[in-house]
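Residue-level listing of the chains:
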Amino acid sequence: MNELVLASVSGPWVYLAVFAWVLIDAFFPPLPSDVVVVALTALSISTGVPHTWALALVAALGAIAGDNISYEIGRRIGVERWRWMAGRRVQRAIESARTSLLRRPVVLMLTSRYIPIGRVAVTMSAGATGFPRRRFVPLSILAGTTWSAYMVGVGALAGTWSQDNPLLSVGLAITIAIVAGVLLDRTFAHSAKQRDLRRVSSRVESPADSPPERAMSTS
């Protein structure tokens, strides 16, 4: 089985496949690329193929290109055209992205890249809301590069732990990537919920306080 796996990833086609997979994942989240990058990196550390640095490069280029395609889709088509966008979770992510892009675009772009639905929501919302392209492109380069470095790092860690068994290193890398993704998703969702609660609370309190103050000032 190990020999079969090595034979299937030893050719140059694997880099093109990774680039295409990461690119498509940037605007079609049902094809998560995170597990592909970490699994191949773990295999690279264990066996020497595919080349780790080449894998990191094509993953970063695919992420950058895909995010900019997603931006263009949002600008030209919007964020309500496809059926999978109508889901409750997707719409909640899109609405949160819309309200946060102008306030903290750097943090939002960097963090959302690690969440499949989150990155699509942010990049498409950026295009749909007219976020300046001159600001989006540098942020997409930074986000894609750091995301690739992180995923390759996770795969390298798993591959180092189990160098003697390539299949075990792949399974370990995928497990780490999934667990980390779930934890990040829960953390960002909790933070967004807390911000919404604070925003609602401030809106509820301010109308009640302002009329008496105005009344006192006029009297």
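For the structure itself, look to the data block above.
To keep things clear, this report deals only with the structure shown in the data block. (Residues numbered from 1 in each chain as written. Predicted model: local features only at pLDDT ≥ 70, side-chain atom pairs only at ≥ 80, totals over all residues. Heavy atoms only, no water.)

**Details of the overall build of the protein**
Piece 1. When its secondary structure is counted, the protein shows nine helices and zero strands.
Piece 2. Listing every helix and strand of the protein by position from the N terminus yields α-α-α-α-α-α-α-α-α.
Piece 3. For the protein, restricting intrachain contacts to residue pairs at least 6 apart in sequence, the fraction spanning at least 24 positions comes to 76%.
Piece 4. Total accessible area computed for the protein in this model is approximately 12,000 Å², and 66% of it derives from carbon and sulfur atoms. (Helix = DSSP H or I, 4+ residues; strand = E, 2+ residues; numbered from the N terminus. Contact = heavy atoms within 4.5 Å. Areas by Shrake-Rupley, 256 points an atom, 1.4 Å probe, with all protein chains shown as cover.)

**Section: the packing of aromatic side chains**
The geometry of two aromatic rings is summed up by the distance between their centres and the angle between their planes.
Piece 1. Considering all chains together, one arrives at two aromatic pairs under this definition.
Piece 2. Seen from the ring of tryptophan 147, arginine 113 lies directly overhead, with NZ or CZ sitting 4.9 Å from the centre. (Phe/Tyr/Trp six-rings, centres within 6.5 Å; stacked < 30°, edge-to-face > 60°. Lys NZ or Arg CZ within 6 Å of the ring centre and 35° of its normal.)

**Description of the nonpolar core**
Among soluble globular proteins, nonpolar side chains are generally buried collectively.
Piece 1. Ranked by internal contacts, the top residues of the largest apolar core, which has 17 residues, are Val18, Val22, Val37, Leu40, Trp147 and Met151.
Piece 2. Looking at which element gives the most residues to this core, the answer is helix 4 (residues 52-76), with five residues.
Piece 3. Setting aside its immediate chain neighbours within four residues, valine 18 contacts Val36, Val37, Leu40, Leu55, Val58 and Ala59.
Piece 4. If you look at the next biggest cluster of nonpolar residues, it comprises nine residues, including Met109, Val122, Phe131 and Leu139. (Core = buried A, V, L, I, M, F, W, Y, C linked by side-chain atoms within 4.5 Å. Buried < 20%, exposed > 50% of the residue type's maximum accessible area, 1.4 Å probe, protein only.)

**A few points about the side chain of aspartate 34**
Piece 1. As for its placement among the helices and strands, aspartate 34 is situated in helix 3 (residues 34-47).
Piece 2. Ignoring sequence-local partners within four residues, the contact set of aspartate 34 consists of Asp25, Tyr114, Pro116, Arg119, Trp147 and Met151.

**What to know about the side chain of threonine 123**
Piece 1. Looking at where threonine 123 falls in the secondary structure, it is placed in helix 7 (residues 116-128).
Piece 2. Within polar-contact distance, the side chain of threonine 123 engages the backbone oxygen of arginine 119 at 2.7 Å.
Piece 3. Here valine 120 takes part through its backbone oxygen, which lies 3.3 Å from a polar atom of the side chain of threonine 123.
Piece 4. When residues no more than four places from it in sequence are discounted, the contact partners of threonine 123 are Ala26, Asp67, Ser70, Tyr71 and Phe136. (Polar contact = N/O pair within 3.5 Å; in protein donor to acceptor, adjacent residues only side chain to side chain.)

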